[in-house]
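Each chain is listed here by its residues.
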Amino acid sequence: MKQSKRNLKRIVSDTNVSVAQRTYIKKYLSMLQTVKIIQLLILIFFLAAWEITTRLNIIDSFVFSSPVKVVDCFLEMAKDGEIFYHIGITLAETFISFALVILIGILVAVLLWWNERVSRVLEPYLVVLNSLPKSALAPVFIVWLGANMKTIIVAAVSVAVFGSIITLYTNFKEVEEDKLKLIRTLGGTKKDILLKVILPSNIPVIISVMKVNIGLSLVGVIIGEFLAAKAGLGYLIIYGSQVFRLDWVIMSIVILCILATILYKVLTWIEKKYNNN
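Residues numbered from 1 in each chain as written. Predicted model: local features only at pLDDT ≥ 70, side-chain atom pairs only at ≥ 80, totals over all residues. Heavy atoms only, no water.

Points about the overall build of the protein chain
Convention followed: Secondary structure elements follow DSSP: runs of H or I of four or more residues count as helices, runs of E of two or more count as strands, with numbering from the N terminus. Two things to know: the radius of gyration comes from C-alpha atoms, and the globule rule equals 2.2 Å times the number of residues to the power 0.38. Whether two residues are in contact is decided by their heavy atoms, any of which lying within 4.5 Å being enough. Shrake-Rupley sampling with a 1.4 Å probe provides the accessible areas, and residues are treated as covered by the protein chains on show and by no other component. Working convention for charge: Lys and Arg count positive, Asp and Glu count negative, and His plus the chain ends are omitted. The location of each charge is read from NZ of Lys, CZ of Arg, CG of Asp or CD of Glu.
Secondary structure summary: the protein chain contains 13 helices and zero strands in total. Sequence-ordered secondary structure for the protein chain, helices as α and strands as β, is α-α-α-α-α-α-α-α-α-α-α-α-α. Relative to the 2.2 N^0.38 estimate, which gives 19 Å for 277 residues, the radius of gyration of the protein chain is 24 Å and therefore markedly larger than a compact globule would have. Put simply, of all contacts in the protein chain between residues at least 6 apart along the chain, 67% involve residues at least 24 apart. Surface accessibility of the protein chain: about 16,900 Å² in total, with carbon and sulfur atoms responsible for 67%. With 29 positive and 18 negative side-chain charges, the protein chain shows a separation of 9 Å between the mean positions of the two kinds.

Focus on helix α11 (residues 203-228)
Cut-off, in case you're wondering: An expected span of 1.5 Å times one less than the residue number is assigned to each helix. Throughout, bend refers to the angle between the axes fitted to the seven residues that end at a position and the seven residues that start at it.
Taking 1.5 Å of rise per residue, the 26 residues of α11 would be expected to cover 38 Å, and the 35 Å separating its terminal C-alpha atoms lies within 8% of that figure. Considering bend angle alone, the principal kink of α11 is centred on Asn-213 and spans about 25°.

With respect to the pattern of salt bridges
Definition in use: In what follows, salt bridge is the name for a side-chain nitrogen of Lys or Arg lying within 4 Å of a carboxyl oxygen of Asp or Glu. Partly exposed residues are those whose accessible area sits between 20% and 50% of the maximum for their type, while under 20% is buried and over 50% is exposed, using a 1.4 Å probe and protein chains only.
Across all of its chains, the model carries three salt bridges by this definition. Arg-55 is the partner of Glu-51 in a salt bridge, and the nearest nitrogen-oxygen pair spans 2.7 Å. Highlighted residues: Glu-51 and Arg-55, both in helix α2 (residues 19-55), separated by four residues, approximately one helical turn. Judged by relative accessible area, Arg-55 falls into the exposed class, the value being 58%. Lys-211 is the salt-bridge partner of Glu-271, the closest N and O atoms lying 2.7 Å from each other. A residue pair is termed long-range when its members are at least 10 positions apart, and Glu-271 in helix α13 (residues 246-276) and Lys-211 in helix α11 qualify at 60 residues.

So, the confidence of the model for the protein chain
Note the threshold: Each residue carries a pLDDT score, the predictor's confidence in it, ranging from 0 to 100.
Chain-level statistics for the protein chain give a pLDDT mean of 84 and a share of 92% at 70 or above. The secondary structure element of the protein chain with the lowest average pLDDT is helix α1 (residues 5-13), at 58, and the one with the highest is helix α5 (residues 82-114), at 92.

Remarks on the packing of α5 against helix α12 (residues 233-242)
How we decide: For every element, the axis is a line fit to its C-alpha atoms; helices are fit only across the contacting stretch, and the angle between N-to-C directions ranges from 0 to 180 degrees. Angular relationships are summarised with four words: roughly parallel below 35 degrees, roughly antiparallel beyond 145, roughly perpendicular across 65 to 115, and oblique for the angles in between. Each residue is assigned to one class: nonpolar for Ala, Val, Leu, Ile, Met, Phe, Trp, Tyr, Cys and Pro, charged for Asp, Glu, Lys and Arg, and polar for all the others, Gly among them.
Look at α5 against α12: their axes get within 7 Å of each other, and the N-to-C directions meet at 120°. With respect to their mutual orientation, α5 and α12 come out oblique. When α5 is examined against α12, the residues Ile-83, His-86, Ile-87 and Thr-90 are found in contact with a partner set consisting of Leu-233, Gly-234, Tyr-235 and Leu-236. Of the residues contributing to the contact of α5 with α12, the split by class is five nonpolar, three polar and no charged.

See the structure below:
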């Protein structure tokens with residue numbers, strides 16, 4: 001059921017809707033609420049168990065830290081703004097990488113769709129590059145570009161861009177042939193087909209690719225920061241493990257989880273807005 005909760009609640013209050021349909025929607029809404037409550041309880045249970053086991057010395061708080069220690073560490077680093085600086089660096093690199101992935105993905109997918117000969121030549125290479133472990137390329141990028149932000153961004157782009165190109169190109173080719181024939185019948189050019197059929201009909205696919213790529217871009221940025229950064233959450237994780245400040249490591253991982261969730265939710269909200277329109 002793809003309708004939003006607000007629309008479903010309107011249907012429930014609509015007297016013109018059948019009793020059976022309203023009953024079904026009520027059960028569905030109740031199920032969604034139950035799922036959210038269970039998810040919240042699981043999180044609370046995990047945090048409580050984590051804190052209690054460290055206080056009882058069942059697990060070593062030095063190695064695994066604890067929720068209270070993570071919060072204290074965050075507040076300590078927030079006093080002088082240091083943690084926000086690292087978060088800002090990681091977010092900036094992620095947004096730049098994400099924008100480049102989407103832009104390059106769409107442009108190359110359009111090129112492959114536009115020219116079949118080019119697509120036949122490049123498709124095998126795209127498959128191979130998409131399958132290649134990108135962490136293996138990071139040291140090469142450092143040699144080529146140096147230990148700087150450019151290397152981190154290139155590493156992040158390499159993680160997501162090839163899969164994006166393949167996904168978009170595949171969906172461009174699968175647009176209904178009847179729509180293409182209609183444009184040709186009306187005297188439309190290939191440019192008209194691209195701008196009036198291919199791209200508009202694939203907006204949901206592009207948004208779905210964006211939802212995947214925002215997480216992949218963040219992963220790529222962290223991989224790059226592990227090897228070539230002087231700031232950022234990836235840098236904090238590596239530096240914290242080297243100097244045995246595992247509170248920094250766990251705190252950075254928690255922040256990354258929160259950031260990934262927020263970014264994904266933003267794109268999900270955009271997708272819902274588009275679908276509702």
